[in-house]
Amino acid sequence: MTTTDTPETVDSFAASGDGRIHGLRRMLFRKPGLTTAAVYGGVGIILLLTVIGPSIGPWLADAGCACGWGSEQIDSGHALEGPSGTHFFGTDRSGQDVFSRVLAAPRINLVIALAATALSVVIGVPLGLLAGYIGGRALAATATSELIMRFMDVLQSFPLFVFAVVLVAVRGQSTEIVIIALTIVNLPVFARLARAEMLTVREQPYADAARILGHGNFRLIFRHLAPNSVASSVATVPMVIGFVILFTASLSFVGAGVKPPTAELGGMIRVGANNMVTGEWWPSIFPGVALGLMVLIFAFAAQDIAARMRAVKRAEGLMSAETSVEAG
Amino acid sequence: MLEIKNLTVGLPSRAESGFDTMLEDVSLSVEAGQSLGLVGEAGSGKSLLVHAIGGLLRPPVVPIGGEILFEGQDLLSMPPDDRRLILGEELSLVLPGGRIRLNPLEKVGRQIVRVLRDHHPEMAKAEALERAIQLLDRVGIPDPDKRALAYPHELSGGMAQRTVVAMALANSPRFIVADEPTTGIDVTIQRQILEDFAGLIREDNVGLLIVTRDLGIVAHFCDRVAVVSEGRIVENAEVRTFFKEQQHPVSQELMRATVLERQKAAEWSAAAASR
Amino acid sequence: MTLIAKGLNALLSPFKAMLSSPFIRRRLLFFLPQLFIVTIITFILLKLVPGDIVDVLLGGLSTEVQRNSLREDLGLNDPVISQYFTYIDGLVHGDLGKSFFTGQSVAHDFRDRLPATLEFITTALVVALLIMIPLGIRAGSPKQTGWTAKLDRALSKVVTFYGLLAGSLADFWLALILIFLFYATADIVPEPGGYFALGAEPEKTTGFNVIDSIIHGDGGALKSYVGHMVLPVATLVFVYGGPILKMTITSMAEIQSSAYVENARGMGLKTGTIRWMQFRNALPPIITIIGVIYGFLLGGAVLVERIFSLNGFGNYGVESVLQNDFLAAQSFMLVAAIWVMLVYLIVDIAHAALDPRIRL
Ligand SMILES: Nc1ncnc2c1ncn2[C@@H]1O[C@H](COP(=O)(O)OP(=O)(O)OP(=O)(O)O)[C@@H](O)[C@H]1O
Ligand SMILES: [Mg+2]
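Bear in mind that the values here come from a model prediction, so they are computed numbers and not experimental data. (Residues numbered from 1 in each chain as written. Chains lettered and ligands numbered in written order. Predicted model: local features only at pLDDT ≥ 70, side-chain atom pairs only at ≥ 80, totals over all residues. Heavy atoms only, no water.)

Time to look at the overall build of chain B. Across its full length, chain B holds 10 helices and 10 strands. Here chain B has a C-alpha radius of gyration of 20 Å; the compact-globule value for 275 residues is 19 Å, and the two agree. Oriented by its inertia axes, the alpha-carbon framework of chain B measures out at about 65 × 55 × 40 Å. Looking at chain B as a whole, 53% of its 275 residues qualify as buried. (Helix = DSSP H or I, 4+ residues; strand = E, 2+ residues; numbered from the N terminus. Rg over C-alpha atoms; globule rule 2.2 N^0.38 Å. Buried < 20%, exposed > 50% of the residue type's maximum accessible area, 1.4 Å probe, protein only.)

We now examine the pattern of salt bridges. Residue and element names in this part refer to chain B. Summed over the entire model, instances satisfying the criterion amount to 17 salt bridges over all chains. Notably, a salt bridge pairs Arg232 with Glu24, separated by 3.3 Å at the nearest N-O pair. One end of the pair, Arg232, is in strand β10 (residues 232-238); the other, Glu24, is in strand β2 (residues 19-30), and 208 residues separate them in sequence. Judged by its relative accessible area of 41%, Arg232 falls in the partly exposed class. Overall, Glu24 belongs to the partly exposed group, its relative accessible area being 30%. Of the charged contacts, one joins Glu253 and Arg256 as a salt bridge, the two residues approaching to 3.0 Å between their closest N and O atoms. Pair noted here: Glu253 and Arg256 are both in helix α10 (residues 249-273), with a separation of 3 residues, about one helical turn. (Salt bridge = Lys/Arg side-chain N within 4 Å of Asp/Glu carboxyl O.)

Moving on: the environment of Met159 of chain B. Considering the arrangement of structural elements, one finds Met159 of chain B in helix α6 (residues 157-169). Each C-alpha atom of the pair Met159 of chain B and Val139 of chain B lies 8.9 Å from the other, and the pair is 20 residues apart in sequence.

Contacts between the two partners involve 53 residues from chain C, matched on the other side by 47 residues from chain A. Summing both sides of the interface, chain C and chain A together bury roughly 4500 Å²; the carbon and sulfur share of this comes to 81%. Applying the counting rule to chain C against chain A returns 0 salt bridges. The class makeup of the residues in the side of chain C that touches chain A is 39 nonpolar, 10 polar and 4 charged. (Contact = heavy atoms within 4.5 Å. Buried area = accessible area lost by both parts, 1.4 Å probe. Nonpolar A, V, L, I, M, F, W, Y, C, P; charged D, E, K, R; others polar.)

Taken together, Val126, Val127, Leu130, Ile131 and Leu135 of chain C make up a surface patch of nonpolar side chains, about 390 Å² in accessible area. Tracing the backbone through its elements, the reader meets Val126 of chain C in helix α6 (residues 106-140). (Patch = residues over 30% accessible without salt bridge, like charges linked within 9 Å, V, L, I, M, F, W, Y side chains within 5 Å. Areas by Shrake-Rupley, 256 points an atom, 1.4 Å probe, with all protein chains shown as cover.)

Turning our eyes to something else, we now look at unusual backbone geometry. The backbone phi angle of Asp143 of chain B is positive, close to 50 degrees, even though this residue is not glycine. In this structure, Asp143 of chain B sits in the loop between α4 (125-138) and α5 (144-147). Judged by relative accessible area, which is 45%, Asp143 of chain B ranks as partly exposed. Phi is positive for Asp187 of chain C, which is not a glycine, with a value near 55 degrees. Following the sequence through the fold, Asp187 of chain C ends up in the loop between α8 (171-185) and α9 (209-215). Using a relative accessible area of 53% as the deciding quantity, one classes Asp187 of chain C as exposed.

Following the sequence through the fold, Thr235 of chain C ends up in helix α10 (residues 219-256). In this structure, Thr235 of chain C is in contact with Asp171, Leu174, Ala175, Leu178, Val304 and Phe308 of chain C, ignoring residues within four places of it in sequence.

Here the focus is the sheet that holds strand β6 (residues 91-94) of chain B. Residues and elements named next belong to chain B. Across the sheet, 6 strands lie side by side as β6-β7-β8-β3-β9-β10; this open sheet has mixed pairing. Two strands bound the open sheet, and with one partner strand each, they are β6 and β10. Each adjacent strand pair in this sheet contributes to an overall mean axis angle of 15 degrees, direction not counted. Pairing of β6 with strand β7 (residues 175-179) involves 4 bridges; the strand directions are parallel. The residue bridging Leu93 from the neighbouring strand is Val177, located in β7. Seen against the sheet, α10 touches β3 (35-40), β9 (224-229) and β10 and runs at an angle of roughly 105 degrees to β9. (Pairing = 2+ DSSP bridges. Axes fitted to C-alpha atoms, helices over the stretch in contact; angles between N-to-C directions.)

Regular strands have side chains that alternate between both faces of the sheet. Residue and element names in this part refer to chain B. When you tally the buried positions in strand β8 (residues 207-211), you get 5 out of 5 residues, the bulk of the element. Where β3 meets β8, 4 bridges bridge the pair, whose relative direction is parallel. Looking at the pairing, Ser35 lines up with Leu208 of β8. Alignment of β7 against β8, held across 5 bridges, turns out to be parallel. Looking at the pairing, Val177 lines up with Leu209 of β8. You can see the chain leave β7, run along helix α7 (residues 187-204) and come back into β8, and the turn it takes is right-handed. (Right-handed = clockwise from strand over helix to strand, strands pointing away.)

A word on the packing of aromatic side chains. Inspection of every chain in the model, using the stated rule, returns 25 aromatic pairs over all chains. Pairing Trp276 of chain C with Phe279 of chain C gives two aromatic rings, centres 6.3 Å apart and planes at 35 degrees, and the pair type is tilted. Note that Trp276 of chain C and Phe279 of chain C are positioned in helix α12 (residues 271-300) at a spacing of 3 residues, about one turn of the helix. For Trp276 of chain C, a relative accessible area of 47% gives the class partly exposed. Every member of this aromatic cluster is reached through a ring pair, and the members are Phe88, Phe89, Phe99, Trp281, Trp282 and Phe286 of chain A. (Phe/Tyr/Trp six-rings, centres within 6.5 Å; stacked < 30°, edge-to-face > 60°.)

So, on to helix α5 (residues 80-92) of chain C. All names here are of chain C. Its 13 residues give α5 an end-to-end C-alpha distance of 18 Å, which sits within 8% of 18 Å, the value for a rise of 1.5 Å per residue. Along α5, the residues classified as buried are Gln83, Tyr84, Tyr87, Gly90 and Leu91. The buried residues of α5 occupy an angular sector of 120 degrees when projected down its axis, which confines them to one face. Away from its buried face, by an angle of more than 90 degrees, α5 presents the exposed residues Ile81, Phe85 and Val92. Just downstream of α5 lies Gly94, where phi reads positive at about 75 degrees. (Expected span 1.5 Å × (residues − 1). Arc of directions from axis to C-beta.)

Bringing the confidence of the model for chain A into the picture now. All names here are of chain A. For chain A, per-residue confidence averages 75 on the pLDDT scale, and residues scoring 70 or more make up 81% of the total. For chain A, helix α13 (residues 324-327) is the element with the lowest average pLDDT, namely 32, and helix α4 (residues 98-134) is the one with the highest, namely 88. In this model residues 318-328 is a low-confidence stretch, pLDDT under 50, and it forms 27 contacts with partners more than four residues away in sequence or in other chains. (pLDDT = per-residue confidence, 0-100.)

Right, let's get into the sheet that holds strand β1 (residues 2-12) of chain B. All names here are of chain B. What the 4 strands build is an open sheet, ordered β2-β1-β4-β5; its pairing is antiparallel. On the outer flanks of this sheet lie β2 and β5 (73-74), each paired with one strand and no other. Here strand β4 (residues 62-70) runs beside β5; their pairing, made up of 2 bridges, is antiparallel. When the sheet's bridge partners are listed, Leu69 is paired in β5 with Asp74. Docked against the sheet, helix α1 (residues 46-53) engages β1, β2 and β4, running at close to 110 degrees with respect to β1.

Where burial is concerned, most of β7 of chain B is hidden: 5 out of the 5 residues are buried. Residue alternation in β7 of chain B divides its side chains into two sets, Phe175, Val177 and Asp179 of chain B and Ile176 and Ala178 of chain B, and both sets are buried.

Attention now moves to the packing of α8 of chain C against α10 of chain C. The angle between the axes and the distance between the axes are what describe a pair of packed helices. All names here are of chain C. The contact between α8 and α10 brings their axes to 9 Å, and the two run at 135 degrees. The angle between the axes of α8 and α10 places the two elements in the oblique class. Read as a crossing pair, α8 and α10 show a hand that is right-handed. In this structure, α8 contributes Asp171, Leu174, Ala175, Leu178, Ile179 and Phe182 to the contact, and α10 contributes Leu231, Ala234, Thr235, Phe238, Val239 and Tyr240. (Parallel < 35°, antiparallel > 145°, perpendicular 65-115°, else oblique. Left-handed = near helix turned anticlockwise from the far one by under 90°.)

What follows is the structure, encoded as structure tokens:
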């Protein structure tokens, strides 16, 4: 991205000395700037909320504050009231406290996101590496590789959202099923990235070098090729986490995600949706802002990692874009 | 004709508010009908100088001070739109790299036509194409009328580099700045291109600044030689005196390396002969 | 006359070159197997429904006779393989099954909804392109010097942030915000709900709302349509324009630092020539992202459709699932998947038309 170009160019030169660097290791060590600190601070806050979020309301209640509510507790007789001292973010139509629900909700959203992302990495990346490594060699191997990728194509061509809704509808509404649905949805992303990178990495001089040194296929893949082929997958993880959070919220919004009354951001927006038309904005706006912030933080993290990775790739000369000086 | 005065190029330093300089206080001049060879070890700043002349430095690397005068006009302080009219028309750059210098989506003939017609809109397309084919022929590309219809990926690296040279020669510039123009081209064609340059210098009074790693080229085709080391000109001499005796240790080192190469070549041919 | 022929020839020649390209041939060859796999998956999907599908489809209150006749209709008594061939045979003859929810044939339901949805997402996509591509070109190739340089830098910052923001907003939430702002608060758009105000619908001929309004000379319908579609289109443009903008910027910036653009500048080519060269080279990934979005939106605009009560294709899919109408859901998946594959095919053809290196 243009705005981050300045430090990259300089860094790529700083890094350009050694020929072969493990992209991953390199990418994680770079002086943090102010935005970087803010981004990872944000990630830290989300993690913190995941751990303690649902307890904050009860703690406040224990401390004697009138503003302390459990995330599923109902303040009967005070449904759909605007923000006040007792309900910072107001109450929804059934009298639940929006504030404590917003604090509690990130837990379920993040747990689903982390689990689904981890699963799709664990399955997708090895598949992609395999497809990339064996592709274009012997006929059978190429066919297998093509088969894997074409299957991924088909998987990706399905209407993801309805696909997930169907899975949930067919197999029953549970957190596990939501996670499985989202794993299937994201698997192709990682398979594709890993394969694409493996295709370039296996042509690099050091791969030849290892081959000439007589390292077997297995050792070659695990010691030399795989570590250099996973960088873009790793860099994509935050983006996928953000995507899964959004997707889960969407599922809950049509009633096919997390079951109420569990506090979940999409479900909360759904509860308040009809009130929005009549002007009661708080039950939907607050969870929506929380949702947006959460995803935005992961998007920033993704961008930050992508910028590091570009710098490393340029230094390694793996990227096709030539900068003037490197060419000269 | 081309006069570089006290040119300093660098980038804002991270440590203080100053600059890390990559070219420092460089002064050079090349007259019409003259050729200067620019030599120096890898990373010494030769290409950076070429980029500075073409206004191709990319931030954060910027010119910090000095002037680059082409026929009295400062290329550095000139508005980009005015510089564009000079580049490729009166002063041409030959950048290194071969294929990566060509637009991958366009036939090479058309790319040369663009160089012609962007500077001479009045030229008819057919005429421009004919001229492009002549240019390809001139830089030694066989079957030029067929090759004009080829895409860059269909050319060999050497042919692509020759196409880049053809683009630079298209508008008969009066000055040529060439950065390793013949790297990656086989020796006979290399000779042909350099001889072409030499002819331009002799007959058309063209000026040439040529960056090279090959002292042989300097000895055969240049009047003067300048040696760059770590962003500074450490020696600037007549070719005749330079090859007799080098003043600066860096120049001596360059010379020694070249001589070593030659010796090795002799050894190899001896070894091959004895098999 | 010859001039027209010549012009046509020039226009078509890249496509002719393309059809002779091995890449495109291979690509077309893959299309059929892909279709085949899609049908297998949709077929299996129905088998995944737990319990007796006939019970699920008919609901609790059905007689043994009804169930048996449905079982017979669906061929459930045959072996699985022949069930699959019956399924394919039906598809080939345009028989997508019957919806138990709407009581119509699924094909009929699709004919009813697809045109309006296509019209909706195409409008949104075109508007997004008209805004995002020029913006992205500008922000992706900022001037380094001159008085506009500062402006360009500021623009690229704003635009970069927007790209991140757009990717982070839930489309359904944004839709709600827009309703709150422009209907509940400012009251400058008609009450959300449907493509038209009640009673303002044009006579139905093609199913494309704009076209129907125009061929029946129904100005009132057109006006009502535009009023009702402003917010849904704006929602899609804001959310899905983000990735397009981002890709345009990244791609333009990457090409701007390429060795050949540098060479072009060194040759003193006109700024316009260079921009064009840059844009053409930046185009393939932009086309890809446009394809991904267009493919996705046919079934993926569902939440926006639901919020604005647009009786569209995506909504039909979700509604049929939620109503346990799995035959309809199965056909929905099939059609949406085929749509995506068609769009990707066109994307690949466009890539080949653009880039000679791909035509190999
Ligand atoms: N954008 C940049 N950021 C940091 N350093 C740079 C940048 N551009 C150039 N340099 C530095 O400037 C120096 C000169 O580079 P240049 O390409 O001019 O060398 P050269 O003499 O052409 O070398 P070669 O013979 O290998 O072509 C290099 O040491 C390089 O590290
Ligand atoms: Mg150089």
